[in-house]
Structures are given as structure tokens and as C-alpha cells.
2 protein chains.
Amino acid sequence: MCKNAFAIKGDIVWSKTPQELATMEGGYLVSEDGICQGVFSELPERYAGVPVDDRSGMLVVPGLVDIHLHAPQYAFRGLGMDLELLDWLNTHTFPEEAKYRDLSYAERAYDIFASDLLHSATTRAVIFATLHVEATELLMDKLEATGLCTMVGKVNMDRNGSADLCEESAASSLAETRQWLADVEKKGYERTQAILTPRFTPSCSDDLMRGIGELRAEYGLPLQSHLSENLSEIGWVKELCPWSSCYGETYEKAGQLAGDAPAIMAHCNWCPDEEMEILKANHVTIAHCPQSNMMLSSGIAPIRRYLDEGISVGIGTDVAGGATLSMFRAIGDAVGVSKLRWRLVDDKLAPLSVAEAFYLATAGGGSVFGQVGTFKEGYELDAVVLDDAKLRTPRDLSLAERLERFVYLSGEGGQVAGKYVAGRRVL
Amino acid sequence: MCKNAFAIKGDIVWSKTPQELATMEGGYLVSEDGICQGVFSELPERYAGVPVDDRSGMLVVPGLVDIHLHAPQYAFRGLGMDLELLDWLNTHTFPEEAKYRDLSYAERAYDIFASDLLHSATTRAVIFATLHVEATELLMDKLEATGLCTMVGKVNMDRNGSADLCEESAASSLAETRQWLADVEKKGYERTQAILTPRFTPSCSDDLMRGIGELRAEYGLPLQSHLSENLSEIGWVKELCPWSSCYGETYEKAGQLAGDAPAIMAHCNWCPDEEMEILKANHVTIAHCPQSNMMLSSGIAPIRRYLDEGISVGIGTDVAGGATLSMFRAIGDAVGVSKLRWRLVDDKLAPLSVAEAFYLATAGGGSVFGQVGTFKEGYELDAVVLDDAKLRTPRDLSLAERLERFVYLSGEGGQVAGKYVAGRRVL
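Only a predicted model underlies this, so the values are computations on that prediction, with no experimental measurement involved.

(A) Seen up close, the pairing of strand β4 (residues 52–62) of chain A. Residue and element names in this part refer to chain A. Strand direction decides the pairing type here: strand β1 (residues 5–15) and β4, joined by five bridges, are parallel. In the strand pairing of β4, I8 is matched with D53. As defined by bridge partners, β4 adjoins strand β15 (residues 383–387) across four bridges and the pair is classed as antiparallel. The residue bridging V61 from the neighbouring strand is V384, located in β15.

Spelled out as C-alpha cells, the structure:
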């Protein structure tokens with residue numbers, strides 16, 4: 001009998017390809033040393049006797065991967081979305097983030113965030129914190145304790161913040177970042193990684209941008225930021241960086257995109273061709289955030305175009321530009337806005353199917369964590385168990401239909417009944 | 001002490017105007033003989049001693065009014081939305097509706113529908129059944145038993161259905177409708193009204209359309225149908241009715257819009273000016289169905305334009321073009337798509353605010369039931385009690401903020417904790 005092996009029995013659904021789901025009713029999903037061994041109709045002989053988590057009748061799907069959200073903004077999720085990006089930052093976001101200087105506030109807020117993220121369907125997430133080193137470390141401690149795998153970034157911002165929320169200089173921002181990286185190294189987290197996080201070009205002086213690029217090269221760290229979300233933002237970048245041919249170049253020229261570690265750019269609603277070439281050349285992953293882009297009136301990203309070009313795409317909830325941590329809601333929104341874009345903007349870019357958006361929300365975003373997001377042999381074993389019994393119907397449904405319904409109706413009584421991250425049960 | 005009077009105590013939020021919310025923390029909402037007497041900070045002396053339903057700390061808001069949904073389609077909600085209207089009807093909708101000839105299937109399906117509608121935040125609804133008289137009456141029996149107030153229509157369709165779902169002739173469709181109306185009269189429902197329901201022009205011959213217009217004049221009945229939802233549908237109507245100047249005229253010329261009883265037209269995504277004039281002249285209420293219009297790639301209705309023109313607008317979930325019965329989801333979607341329309345289609349039509357969309361979803365649609373949908377004196381007392389305790393935040397929130405969050409986050413653990421319809425507690 002294999003040590004460190006177990007199986008989950010249930011109605012298993014995963015992405016066979018970026019376009020197609022695979023399903024097995026009453027199947028066995030096998031994990032060994034945290035690695036997926038595949039899905040089987042009967043438990044293979046070599047696993048005879050391993051523990052089986054019997055979830056017969058429930059759906060078992062890959063863990064959802066949320067590659068763009070802001071933990072400190074969770075406190076005002078669902079509020080104040082009736083402004084566009086730059087006004088929304090100044091009116092709602094910067095005042096809230098400034099509160100995280102106060103560790104007792106951060107403690108209360110991040111307790112709620114970490115607990116709600118644990119109980120969601122998300123197994124991995126890529127997260128913005130604030131500029132505060134202590135509060136960022138507090139958040140990382142709490143996330144480590146959940147058992148989820150996350151990347152968390154102390155934010156860099158040395159210009160155009162508020163009186164309460166801005167770093168003094170590029171030098172002090174970089175020094176604090178080095179301190180934070182040293183602290184994180186010392187803490188020795190198993191599941192919580194540091195990710196470089198320049199807020200966005202308007203928040204970072206050219207010196208700071210270059211300094212962050214140097215840190216990326218020196219430490220080989222992943223990096224996340226925002227790109228071409230909103231038209232006023234794009235115009236502002238052009239003013240701030242008149243030397244740039246496009247917004248994306250401000251990251252590229254600073255050395256922030258090159259290298260093997262993942263680089264994630266959120267939104268990409270309005271990328272011109274040369275920006276798309278920069279994303280391709282640097283293997284950048286796009287974090288598509290459909291709810292946020294609707295709610296802050298930003299636009300609709302041309303995801304079909306990026307996929308056709310071979311660019312890597314994942315999905316983000318972008319709390320609190322988006323209201324909810326639900327990645328099922330984000331999948332449904334990704335499908336929905338792609339239909340509106342097809343109808344209203346460009347009928348040459350076909351809408352996304354549910355199967356395609358599900359892939360993006362699992363294996364697509366999962367790629368920034370390595371081999372993550374589907375049930376192929378060799379992938380890390382992230383799985384969520386979904387109870388859809390309360391979503392009643394007189395019909396008999398296929399497994400793919402049950403997943404489709406869960407995407408659209410999880411808020412109507414669908415339950416996350418279990419969760420595994422890298423082979424470890426966390427819920 | 002007043003007989004037939006009671007109060008609900010809680011954190012009360014309602015529409016003061018179509019643009020503005022009113023709020024009262026720890027207030028008393030008073031009902032007498034089913035009619036709202038107003039909201040008071042202290043219980044007025046004349047109501048001393050009436051029963052008080054103490055929901056301190058919970059939100060108390062007007063009942064939501066869903067003015068467009070299809071009960072038989074609830075069985076496949078959340079499925080098959082990746083087609084446009086006409087293909088979706090033939091592939092998913094007609095085959096499902098054909099099943100309602102079988103009363104045992106209808107029994108199972110409508111049990112689920114009626115129970116889920118009762119447990120939702122909706123207090124009143126305007127509903128399509130199928131063409132089957134018996135199943136429609138079964139649905140009406142079940143809805144009457146819930147205590148909700150509804151209008152329910154046996155569908156008329158004598159052309160372009162499927163082999164399994166089409167009436168033989170205009171004459172037989174009208175005869176069945178008369179039989180149904182006679183049965184309903186005999187049943188003597190208190191809360192369940194018949195509404196004339198020509199499916200849409202492509203489903204109804206000119207003779208049937210005229211016959212339904214005559215029934216409306218004869219019985220003074222309300223009427224519901226679909227209008228200018230999808231571009232192919234509009235083109236098809238032009239082919240079928242080459243004499244018409246616009247789709248709306250096919251209803252008007254048949255005598256279906258004139259008269260005092262409400263006429264409700266769902267969607268209205270693509271109304272030309274002359275169609276808008278028809279809606280105005282006949283005091284038609286538009287049922288705005290944002291999720292359905294996104295999911296079936298239909299478009300985005302210019303609701304701001306209709307409001308500016310003084311046209312009456314309510315909101316519909318349009319299950320199963322929309323996936324969910326949640327009117328909170330529908331409010332959020334109405335706001336969201338109005339922002340995308342503003343950004344991508346016409347920046348002269350300002351997006352809807354949450355307060356405006358909430359008004360449409362309560363008093364806007366409520367107007368088809370009379371004085372319904374807000375807490376003004378003289379309105380029928382429809383109220384829902386909302387428990388938002390699970391939507392945790394470290395912040396202190398105003399009542400308007402709590403409602404805004406409930407709109408966007410009700411699927412994350414918001415609960416409907418109580419419900420009154422016309423002064424009668426149903427949940």
C-alpha cells in the first residue's frame with residue numbers, strides 16, 4: 001500500500017483541454033505525495049487500502065485559482081462601485097487601504113478575509129496587500145494558516161497616492177520591500193510566496209519601477225500589476241511616461257516582465273497591438289476580471305483574441321472592483337461579458353463557452369503556480385467538493401450540466417463541501 | 001387598538017423617489033388591513049399594543065417584484081444559455097415546455113418552482129406558464145397556496161412551435177384560453193390573476209393576435225409578451241408581418257396594448273423611435289431582463305432612455321434566459337450592463353445607480369399590481385426581512401450601504417428571513 005496516498009470518490013469533472021471537459025461519474029481521484037495520479041473508474045490495485053474520502057453524488061472539480069484580488073479591499077466589497085477607476089481609487093480604495101497601518105484593524109479585517117477565502121471554492125490566489133510591511137506579513141501569516149497556496153504582495157507606490165497612503169521615495173519603498181522579503185525568507189512559509197507588486201505605473205516613479213525590475217532580476221520573484229484597465233488611466237500613463245510607446249512598455253522597459261518567474265497583468269481591456277506583442281514576448285499571464293471591468297465601467301477584455309494569440313489567461317475576482325470572492329460568479333461573468341462584447345463591439349471574436357472559462361479559472365490561472373488546475377497525472381492535487389443537492393430540478397443532468405449549473409447558481413444554495421490543496425485537506 | 005394592524009421593527013430601507021432611498025434604523029413599519037401606514041421612529045400611539053415582529057438589526061425592504069419569468073423553464077435554469085434566442089427556443093425551451101402536457105412532470109417541476117419562489121425575496125411576479133391549460137391551472141393552484149401575488153399566463157402559440165408544442169389553430173388557441181379563463185373565474189383565487197400571454201409575434205398568427213386583442217377588450221385583462229429582444233427575431237417579425245412599420249405595431253394593431261389593464265413587454269433591447277412612441281402612447285411597462293439579455297447575447301436595453309421618456313420600467317429575471325430567481329442579482333446586473341452600455345455603446349445614457357435599479361425592481365414593476373413596491377402610506381404592505389449578518393466586514397455601514405451590499409452579495413450568505421405580501425406573513 002502506498003504511503004501518502006488517498007482517493008476522493010465522487011462525480012468528477014475537469015478540463016481535458018482548454019475547450020473540453022472530461023467527466024467520470026462515481027470515479028476515484030487519486031493523490032500520492034500531493035500529486036494527482038489520475039481519475040479512475042475503479043481504484044487501481046496499487047492503491048488498494050488507501051483512505052477514500054467518499055463524496056458519492058457530489059461534484060469533485062479542480063480547485064479554483066483566483067489570480068487577481070486585493071485583500072484589504074475585501075472590507076468594502078459590494079460598495080461604491082459606481083465610480084470609474086481613478087475616482088474610485090481616491091474616494092474608496094486609498095482611504096480604506098490607509099487603515100492597514102493600524103495592525104488591530106488589519107487583524108480584524110484580514111481574519112474575515114482569510115476565513116471567507118478558505119470557505120470559498122478557491123484553492124490558490126494571487127493577492128495584493130497594501131504598502132504596509134507589518135500588515136502584509138500579518139496577512140501572509142493568516143493565509144499560511146488556512147492551508148491555501150497564495151502569492152501575496154506588499155504594494156509599492158511612491159507617487160499619486162493620498163496623504164495617508166504613499167511611500168516617501170523610491171529608495172524607501174525599495175528598502176521596505178527588501179526588509180519584507182528578508183522577513184518572509186525568515187518566516188519560511190510553506191504555502192505563501194512573496195510577489196513583487198508595483199501598484200500600477202501611475203503610482204510608481206520611474207526610479208521605483210526600475211528598482212522593482214532590479215529586484216525581480218536579483219531574486220527571481222514573480223510580479224503582478226495592472227495594465228490598460230481604464231481609458232483615463234491609459235491617458236494618464238501616456239502623460240506620466242511620454243517616452244513610452246504604450247502602457248505595457250512602462251513595465252517592460254523597467255525590467256519587470258523579463259525572466260522565468262510569472263508576471264501577471266490584471267485587466268488588459270484596451271491593449272493595442274504593440275502591447276499584446278510585449279505580453280506575448282514576455283510570457284505574461286493576463287488576469288481577466290470581468291465583474292470589476294463591468295462594475296467600474298472599464299470595458300470588456302478581448303479574451304478570445306488573447307487566446308487565439310497563444311497568450312496565457314487566468315481569471316481574477318478583483319475584489320473590491322469586483323464584489324465577490326466567488327470564482328464561479330467570475331466564470332459566469334467571463335462568459336456573459338464575452339457575449340456582450342461579441343454582440344456590441346466585435347462579432348469576429350466568438351464568446352467564451354462555460355468549459356473554456358472554467359479552464360481559465362482553473363488550469364489557466366493555475367499555470368502561474370506550476371502544474372496546477374486540472375486532474376492530469378503529475379499535477380498538484382487541488383480539488384473542491386461541491387454539493388449541488390439544493391439546486392433542485394425534475395430533470396436528470398449530466399455531470400457537465402451539473403457543473404454548468406453550479407457556475408450560474410452556486411449563490412442559490414450550492415455548497416463547498418470539501419477542499420484539498422496540494423494533496424492536503426483544508427476543509 | 002386597531003384590529004388587523006401590526007408592525008415590523010427593523011432597519012428599514014425603501015425608495016423615497018425613483019432616484020433616492022429613504023432609511024430608518026430601528027424603525028417601525030406599520031400595516032393595517034394589508035395597507036402600509038408609513039414608517040415611524042416610534043410606534044404611534046394609535047398602534048399601541050399591536051403585534052410587533054421584532055427584527056432589530058435586520059434589513060426590512062419592500063418586496064421584490066419580478067415582472068418577467070417563465071415558470072416551466074425553471075427546470076433548466078443555468079443550462080444551455082450559449083445559444084441565441086431563436087436557436088435556444090428550438091433546442092432547449094420548446095422541448096422542455098412540451099413536457100408540461102404530462103401533469104405528473106408539471107407537478108414535480110412546479111412544486112420546486114413555487115417553493116423556491118416563495119423562499120426568494122420576490123413577493124409578486126408576472127409569469128409565463130405553457131400553452132397547456134391543465135398545467136397552467138396546476139401552477140396557479142400552487143402559487144395561490146404560497147401566499148405570493150402573481151399574474152400567470154397560459155401561453156398562446158399557433159405557429160412556428162415544434163411538433164410537440166404548438167396549438168392547432170387560432171380558433172383552438174382562443175377557445176382553450178376562454179376555457180382557462182372560465183376555470184380561473186370558478187376557482188376564485190385571491191392572489192393569482194390570469195394574464196393574456198401571446199408568446200411573441202413569431203409564435204402567433206395574425207388571426208390569433210387579433211383574437212387575443214379582442215379578449216383583452218372583452219375581459220379587461222392584463223397582457224404580457226416579448227418585444228425587440230434579439231436582432232434575428234426582429235428581422236423575422238418583419239418577414240412575417242411585412243405590413244408592420246415596427247415589431248411593436250404587431251401588438252398594437254392587434255388591439256393588445258390599448259386599455260387600462262397593464263400591458264408588459266419584456267426586453268425592448270432594440271426599439272426604434274416609433275416603437276418607443278407606441279410604448280409611451282399605450283402606457284406599456286417594459287420588463288428589463290439584464291441577465292437574460294447578456295446570456296442569450298441579445299444586447300443591452302437603453303433603460304435610461306426609457307426612463308427619460310417617462311416610460312414605466314420594471315425588472316424581470318426571465319428565468320431561464322436568466323439563470324436565477326434572485327431579484328438582487330437582477331438589480332446588480334441592471335446596474336452593471338448599464339455601465340457597459342455607457343462605456344461601449346452610448347456615453348450619453350448615464351448608467352443606473354443601485355438606488356434607481358432597486359426602485360425599478362420594487363415600485364417600478366410593482367405598479368402593474370397597483371400601489372405596490374414602496375413604504376408610502378396607502379401602498380399594499382409587501383416587505384422582506386433580510387439577514388446580512390453573514391456578510392462580515394470590519395466597517396460600520398449605513399443602511400443604504402447594507403442594502404447595496406445585499407444587492408451584490410446576497411448569494412454569499414445573505415438570507416431572506418421573513419416575507420409579507422399585502423400585509424400577510426408568508427415566510
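(B) Structural view of the relation of the copies chain B and chain A. With an RMSD of 0.0 Å, the operation that places chain B on chain A is a rotation of 180° combined with a shift of 0.0 Å along the axis. What the superposition gives is, in effect, a two-fold axis relating one chain to the other. Of the C-alpha atoms belonging to chain B, the one lying closest to the rotation axis is found on B:G411, 2.0 Å away. Here 98% of the contact residues of chain B are again contact residues in chain A; the copies associate through an equivalent surface.

(C) Quick look at the packing of aromatic side chains. All names here are of chain A. Applying the stated criterion across every chain, the model contains 16 aromatic pairs over all chains. Centroid distance Y74 to F113: 5.6 Å. Interplanar angle 70°. Geometry classified as edge-to-face. In this pair, Y74 sits in the loop between β5 (64–70) and α1 (85–98) while F113 sits in helix α2 (residues 103–119), placing the two residues 39 residues apart along the sequence. Using a relative accessible area of 6% as the deciding quantity, one classes Y74 as buried. One aromatic cluster is present, formed by Y100, Y105 and Y110 through successive ring pairs.

(D) Inspection of the sheet that holds strand β17 (residues 424–425) of chain A at higher detail. In space, the seven strands of this open sheet follow the order β3-β2-β1-β4-β15-β16-β17 (chain A), with mixed pairing throughout. Each having just a single partner strand, β3 (35–40) and β17 of chain A make up the two edges of the open sheet.

(E) Up close: the interface of chain B and chain A. Contacts between chain B and chain A engage 59 residues on the former and 58 residues on the latter. For the pair chain B and chain A, the two sides together bury roughly 4800 Å², of which 57% comes from carbon and sulfur. Area buried by chain B at its contact with chain A is led by B:R392, B:P394 and B:R395, which between them contribute 14% of it. The interface formed by chain B and chain A contains 10 salt bridges. Among the salt bridges present, the one from A:D82 reaches B:K339, with a minimum N-O distance of 2.8 Å. For the pair chain B and chain A, the number of links is 24 residue pairs in polar contact (both at pLDDT 80 or more). When residues of the side of chain B that touches chain A are traced back to their parent elements, those giving at least two are α1 (85–98), α2 (103–119), α9 (290–295), α11 (327–344) and α13 (399–409) of chain B. Looking at the side of chain B that touches chain A, its residues break down into 26 nonpolar, 16 polar and 17 charged.

(F) The packing of helix α11 (residues 327–344) of chain A against α11(B), seen in detail. Here α11(A) crosses α11(B) at 40°, and the two axes come no closer than 13 Å. Judged by the inter-axis angle, α11(A) sits oblique to α11(B). α11(A) and α11(B) meet at a crossing whose hand is right-handed. Where α11(A) approaches α11(B), its residues A:R329, A:D333, A:V337 and A:L340 are matched on the opposing element by B:R329, B:D333, B:V337 and B:L340.

(G) The sheet that holds strand β2 (residues 21–32) of chain B, seen in detail. Residues and elements named next belong to chain B. Strands sit in the order β3-β2-β1-β4-β15-β16-β17 across an open sheet of seven strands; the sheet is mixed. Strands with a single pairing partner mark the edges of an open sheet, and in this sheet they are β3 (35–40) and β17 (424–425). As defined by bridge partners, β2 adjoins β3 across five bridges and the pair is classed as antiparallel. Along β3, the bridge assignment pairs Y28 with F40.

(H) Representation of the pattern of salt bridges. Within the structure shown, the criterion is met by 58 salt bridges over all chains. Its salt-bridge partner being B:D11, residue B:R402 comes within 2.8 Å of it at the nearest N-O pair. With B:R402 in helix α13 and B:D11 in strand β1 (residues 5–15), this residue pair connects regions lying 391 residues apart in the sequence. With a relative accessible area of 12%, B:R402 lands in the buried category. In this structure B:D11 comes out as buried when scored by relative accessible area, which is 6%. The structure contains a network of salt bridges with shared partners spanning A:R329, A:D333, B:R329 and B:D333.

(I) Region of interest: the nonpolar core. By size, the foremost hydrophobic cluster in this structure holds 223 residues, and its most contacted members are A:F113, A:I127, B:F113 and B:I127. Beyond its immediate sequence surroundings of up to four residues, A:I127 is in contact with A:L69, A:A71, A:F113, A:L117, A:L139, A:L143, A:T150, A:M151, A:V152, A:G153, A:I195 and A:Q224.

(J) The arrangement of unusual backbone geometry in detail. Residue and element names in this part refer to chain A. Here the residue pair V319 and A320 is connected by a cis peptide bond, since its omega of 10° sits within 30 degrees of zero. Inspection of the secondary structure puts A320 in the loop between β14 (312–315) and α11. One non-glycine residue, C268, lies in positive phi territory at about 55°. Locating C268 in the fold gives a position in the loop between β12 (263–267) and α8 (273–281).

(K) The arrangement of the state of the cysteines in detail. Residue and element names in this part refer to chain B. As enumerated under the stated definition, the model contains zero disulfides over all chains in all. Left unpaired, C204 is separated from the closest cysteine sulfur, that of C166, by 9.3 Å. Free of any disulfide, C289 has its nearest neighbouring cysteine sulfur in C268, separated by 9.2 Å.

(L) Here's a closer look at α11(A). Residues and elements named next belong to chain A. Under the 1.5 Å per step criterion, the end-to-end length of α11 is 25 Å for 18 residues, consistent within 8% with the ideal 26 Å. In terms of burial, α11 is largely enclosed, as 17 of its 18 residues are buried. Two or three places before F328, at the opening of α11, S326 has a side-chain oxygen 3.3 Å from that residue's backbone nitrogen.

(M) Spotlight on helix α12 (residues 354–366) of chain A. Residues and elements named next belong to chain A. With 13 residues, α12 extends 17 Å from end C-alpha to end C-alpha; this agrees with the ideal 18 Å at 1.5 Å per step. Where α12 bends most, at L360, the angle is about 40°. Taken across its 13 residues, α12 has 12 buried, putting it largely inside the fold. V354, A355, E356, A357, F358, L360, A361, T362, A363, G364, G365 and G366 are the residues of α12 that are buried.

(N) Spatial organisation of the pairing of β15(A). All names here are of chain A. The buried fraction of β15 is high, at four of five residues. With five bridges joining them, β15 and strand β16 (residues 415–421) adopt antiparallel strand pairing. Following the sheet pairing, V384 is matched in β16 by K419.

(O) Representation of the confidence of the model for chain A. Residue and element names in this part refer to chain A. Averaged over chain A, the pLDDT score is 97; the fraction of residues at 70 or greater is 100%. Within chain A, α1 has the poorest average pLDDT of any element, 97, and strand β7 (residues 149–153) the best, 99. With pTM at 0.98, the complex prediction returns an ipTM value of 0.98.

(P) Structural context of the packing of α2(B) against helix α3 (residues 133–146) of chain B. Residues and elements named next belong to chain B. Relative orientation of the contacting elements α2 and α3 amounts to 30°, with a least axis distance of 9 Å. Here α3 runs roughly parallel to α2, going by the angle between their axes. The handedness of the crossing between α2 and α3 is right-handed. Facing α2, whose interface residues are L103, A106, E107, Y110, D111, F113, A114, L117 and L118, α3 presents E134, A135, L138, L139, K142, L143 and T146. By residue class, the composition of the contact of α2 with α3 is 11 nonpolar, one polar and four charged.

Conventions used here
- Residues numbered from 1 in each chain as written.
- Chains lettered and ligands numbered in written order.
- Predicted model: local features only at pLDDT ≥ 70, side-chain atom pairs only at ≥ 80, totals over all residues.
- Heavy atoms only, no water.
- Pairing = 2+ DSSP bridges.
- Helix = DSSP H or I, 4+ residues; strand = E, 2+ residues; numbered from the N terminus.
- Least-squares fit on C-alpha atoms with pLDDT ≥ 70 in both.
- Contact = heavy atoms within 4.5 Å.
- Phe/Tyr/Trp six-rings, centres within 6.5 Å; stacked < 30°, edge-to-face > 60°.
- Buried < 20%, exposed > 50% of the residue type's maximum accessible area, 1.4 Å probe, protein only.
- Buried area = accessible area lost by both parts, 1.4 Å probe.
- Salt bridge = Lys/Arg side-chain N within 4 Å of Asp/Glu carboxyl O.
- Polar contact = N/O pair within 3.5 Å; in protein donor to acceptor, adjacent residues only side chain to side chain.
- Nonpolar A, V, L, I, M, F, W, Y, C, P; charged D, E, K, R; others polar.
- Axes fitted to C-alpha atoms, helices over the stretch in contact; angles between N-to-C directions.
- Parallel < 35°, antiparallel > 145°, perpendicular 65-115°, else oblique.
- Left-handed = near helix turned anticlockwise from the far one by under 90°.
- Core = buried A, V, L, I, M, F, W, Y, C linked by side-chain atoms within 4.5 Å.
- Disulfide = S-S within 2.5 Å.
- Expected span 1.5 Å × (residues − 1).
- Bend = angle between axes of the 7 residues up to and from the residue.
- pLDDT = per-residue confidence, 0-100.

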